[in-house]
Amino acid sequence: MIKKVDTLIINIGQLLTMDTGSNEPVRGDALQSLPIVEHAAVGIMDGKIVFAGFEKDANTLEAKEVIDADGKLVTPGLVDSHTHLIFGGSREHELSLKQQGVPYLEILQQGGGILSTVKATREATEEELLNKAYFHLNRLLSYGITTVEAKSGYGLDTETELKQLRVVKKLNEIHCIDLVSTFLGAHAIPPEYKQQSEEFLLEMENLLDVIKEESLAEFVDIFCETGVFTVEQSRRFLTSAKRRGFDVKIHADEIDPLGGTELAVELCARSGDHLVGASDEGIRQLADSSTIAVLLPGTSFYLGKDKNARAREMIDAGCAVALSTDFNPGSSPTENLQLIMSLAALKLKMSPEEIWYAVTVNAAHAINREKTAGKIALHRPADLVIWDSPNYQYIPYHYGVNHVNTVLKNGHVVYKRGQ
Ligand code: IZC
Ligand code: ZN
């Protein structure tokens, strides 16, 4: 019997469905193999996947539009689970400080770093922030990313934090990328609260109710770091957020090993992010938990650190690992998640299979989108990428360039190379 579809993608050399048949994050032995169909086709109807399998089994499908993938690799749209997308200004002036060896946290202590972006973000209008973030979203899309988490955290006052969160909400309405919003009001201590971190945290805590009421964020995050917020402050702040029904995330053990990894597990956080200084005990606990380890090797690279997150030990212990750009104007100014995949191979010693799980299925889990993003499977949104590549190993191997040929979001072509 003939079945009508809107779009049929034919002549797919390798189809990486990432459809493991389970709705759990992928860890342990399951990371060794990928669900691949060779000589495949994908059928799309009303923006959803209605067929994904061998091309020879697709001959009952009659399509309005046929896309010839020319033997290329097709995968789910990538998921970027940790970005600081909404910001004013930029920080290229800090590059020479970095070259002189001034540490990231010292630049912050001197009123630069995050606080320089806070100044620019406070000065920007909502429309300016929207236009700027829209530009970066287009670039993320061009790199094959169809779902993006976006944090606030460059306002550090009631008005500007809400302004940033409203921009995320608006972008989610007007841009084809799906956005997931995170409130990171506890990102740094602003100058007007110097030496008064408790009072500042109280102001941010008071914002939680309005953020909930207006559905401005799904997650609450905190920068648990030397000179920023302690483990005890992070525990209190995030517990208060959980009580109000938010899911939580933590910038944990990014620079100094404070025990943020253990706190993420204790609070059943959806993710612990960075984890460069995670202790042996932290890794052991993480492996036994549902918390996703979101690793950001672009940040270690950009900050010139020799030390990276111990991805091999985490994966070998049984942790569920995701990878993300950490796109932000200070410690990781890049929208290129493919470059992060290369760094994960070269610096974190992750295998291509582990890397693909980390930018699809596990990244979707890190932001509570495991039911809609990160897999090509029946009834799911047709978010897919056709790559200028013969196989999946090629993407982390050939580094620093964009391999995307075509991106489809909800079944529509939204990006094509050279157009
Ligand atoms: O703007 O520096 N680590 N927050 C915590 C960042 C990096 C973003 C920034
Ligand atoms: Zn971050």
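Residues numbered from 1 in each chain as written. Chains lettered and ligands numbered in written order. Predicted model: local features only at pLDDT ≥ 70, side-chain atom pairs only at ≥ 80, totals over all residues. Heavy atoms only, no water.

Draft legend 1. Focus on the coordination of the zinc ion (ligand 2). With distances of 2.0 to 2.8 Å, the protein atoms coordinating the zinc ion (ligand 2) are His82 (NE2), His84 (NE2), His251 (NE2) and Asp326 (OD). In this structure, the zinc ion (ligand 2) is coordinated by four donor atoms arranged in irregular fashion, with angles at the metal of 76 to 165°. Spacing between the donor residues of the zinc ion (ligand 2) along their common chain follows H-x1-H-x166-H-x74-D. Owing to a relative accessible area of 0%, His82 belongs among the buried residues under this scheme. Its relative accessible area of 3% is what places His84 among the buried residues. (Donors = N, O, S within 2.8 Å, 3.2 Å for Na, K, Ca; no water. Tetrahedral: all angles 85-135°; square planar, octahedral: opposite > 155°, others 65-115°. Buried < 20%, exposed > 50% of the residue type's maximum accessible area, 1.4 Å probe, protein only.)

Draft legend 2. Examining the pattern of salt bridges more closely. Considering all chains together, one arrives at 28 salt bridges under this definition. We note a salt bridge from Asp178 to Lys409, for which the minimum N-O separation is 2.7 Å. Taken together, the residues span a long stretch of sequence, with Asp178 in strand β8 (residues 178-186) and Lys409 in strand β15 (residues 404-409) at a distance of 231 residues. In this structure Lys409 comes out as buried when scored by relative accessible area, which is 2%. A single network of salt bridges, built from pairs that share partners, joins Glu198, Glu232, Arg235, Arg236 and Glu266. (Salt bridge = Lys/Arg side-chain N within 4 Å of Asp/Glu carboxyl O. Helix = DSSP H or I, 4+ residues; strand = E, 2+ residues; numbered from the N terminus.)

Draft legend 3. Representation of the environment of Phe237. Considering the arrangement of structural elements, one finds Phe237 in helix α7 (residues 231-243). Residue classification places Phe237 among the buried positions, given a relative accessible area of 1%. For the pair Phe237 and Ile340, spaced 103 residues apart in the sequence, the C-alpha separation amounts to 31 Å. Apart from the residues lying within four places of it in its own chain, the contact partners of Phe237 are Phe183, Ala186, Leu201, Met204, Glu205, Val220, Asp221 and Ile222. (Contact = heavy atoms within 4.5 Å.)

Draft legend 4. Empty space enclosed by the protein, seen in detail. Within this structure, the stated rule accounts for three cavities of 30 Å³ or more. The calculated volume of the largest cavity comes to roughly 100 Å³. What lines the largest cavity is a set of 13 residues, among which His84, Tyr104, His187, Asn328 and Ser331 lie closest to the centre. Residue composition of the lining of the largest cavity, by class: four nonpolar, six polar and three charged. (1 Å grid on protein atoms, 1.4 Å probe; cavity = no way out; pocket = protein on both sides within 12 Å on 5 of 7 lines; lining within 4 Å. Points joined across faces, edges and corners; volume = space filled by probe spheres on them. Nonpolar A, V, L, I, M, F, W, Y, C, P; charged D, E, K, R; others polar.)

Draft legend 5. Structural view of a nonpolar patch on the surface. On the surface, Leu95, Phe301 and Tyr302 cluster together into a nonpolar patch covering about 280 Å² of accessible area. Here Phe301 shows up in helix α10 (residues 297-302). (Patch = residues over 30% accessible without salt bridge, like charges linked within 9 Å, V, L, I, M, F, W, Y side chains within 5 Å. Areas by Shrake-Rupley, 256 points an atom, 1.4 Å probe, with all protein chains shown as cover.)

Draft legend 6. Looking closely at the environment of Ile86. Mapped onto the elements, Ile86 comes out in the loop between β6 (78-80) and α1 (95-99). In this structure, the C-alpha to C-alpha distance between Ile86 and Val26, residues 60 residues apart in sequence, is 30 Å.

Draft legend 7. Here's a closer look at the site of ligand 1. In the vicinity of ligand 1, the contacting residues are His84, Arg91, Tyr104, Ile114, Tyr154, His187, Phe223, His251, Glu254, Asn328 and Ser331. Between ligand 1 and His187 there is a distance of 2.7 Å, counted from a nitrogen atom to a side-chain nitrogen or oxygen. With respect to ligand 1, the side chain of Glu254 contributes an N or O atom lying 3.1 Å from a nitrogen atom. Protein chains bury 100% of the 260 Å² of accessible surface belonging to ligand 1 in isolation. A majority-of-atoms criterion places ligand 1 in the largest cavity. For the shell around ligand 1, a count of residues per class yields four nonpolar, five polar and two charged. (Near = heavy atom within 4 Å. Polar contact = N/O pair within 3.5 Å; in protein donor to acceptor, adjacent residues only side chain to side chain. Sits in = over half its atoms within 2 Å of the grid points.)

Draft legend 8. Layout of the sheet that holds strand β13 (residues 321-323). Spatially, β6-β7-β8-β9-β10-β11-β12-β13 is the arrangement adopted by the eight strands of the open sheet, whose pairing is parallel. Strands at the two margins of the open sheet, each flanked by one partner only, are β6 and β13. Strand-to-strand twist of the sheet, defined as the mean angle between neighbouring strand axes without regard to direction, takes the value 25°. Note: strand β9 (residues 219-224) against strand β10 (residues 247-252), four bridges, orientation parallel. In the strand pairing of β10, Phe219 is matched with Asp247. Sitting on the sheet, helix α4 (residues 126-142) is in contact with β6, β7 (145-151) and β8, with an inclination near 140° to β7. (Pairing = 2+ DSSP bridges. Axes fitted to C-alpha atoms, helices over the stretch in contact; angles between N-to-C directions.)

Draft legend 9. Highlighting the packing of aromatic side chains. Scanning the model with the defined rule gives six aromatic pairs in all. Each ring, one from Phe200 and one from Phe229, has its centre 6.3 Å from the other, and the planes form 15°; the classification is stacked. Remark: Phe229 occurs in the loop between β9 and α7 and Phe200 occurs in helix α6 (residues 197-213); sequence separation between them is 29 residues. Given a relative accessible area of 0%, Phe200 falls into the buried group. The class of Phe229 is buried, set by a relative accessible area of 0%. On the numbers, 5.4 Å between centres and 65° between planes, the contact of Tyr394 with Tyr397 is edge-to-face. Of this pair, Tyr394 and Tyr397 are both found in helix α15 (residues 394-397), three residues apart, which corresponds to roughly one turn of the helix. One aromatic cluster is present, formed by Phe87, Tyr154 and Phe327 through successive ring pairs. Against the face of Phe246 rests Lys212, its NZ or CZ located 4.5 Å from the ring centre. For the cation-ring pair, Lys249 lies above Phe219, with the distance from its terminal atom to the ring centre recorded as 4.8 Å. (Phe/Tyr/Trp six-rings, centres within 6.5 Å; stacked < 30°, edge-to-face > 60°. Lys NZ or Arg CZ within 6 Å of the ring centre and 35° of its normal.)

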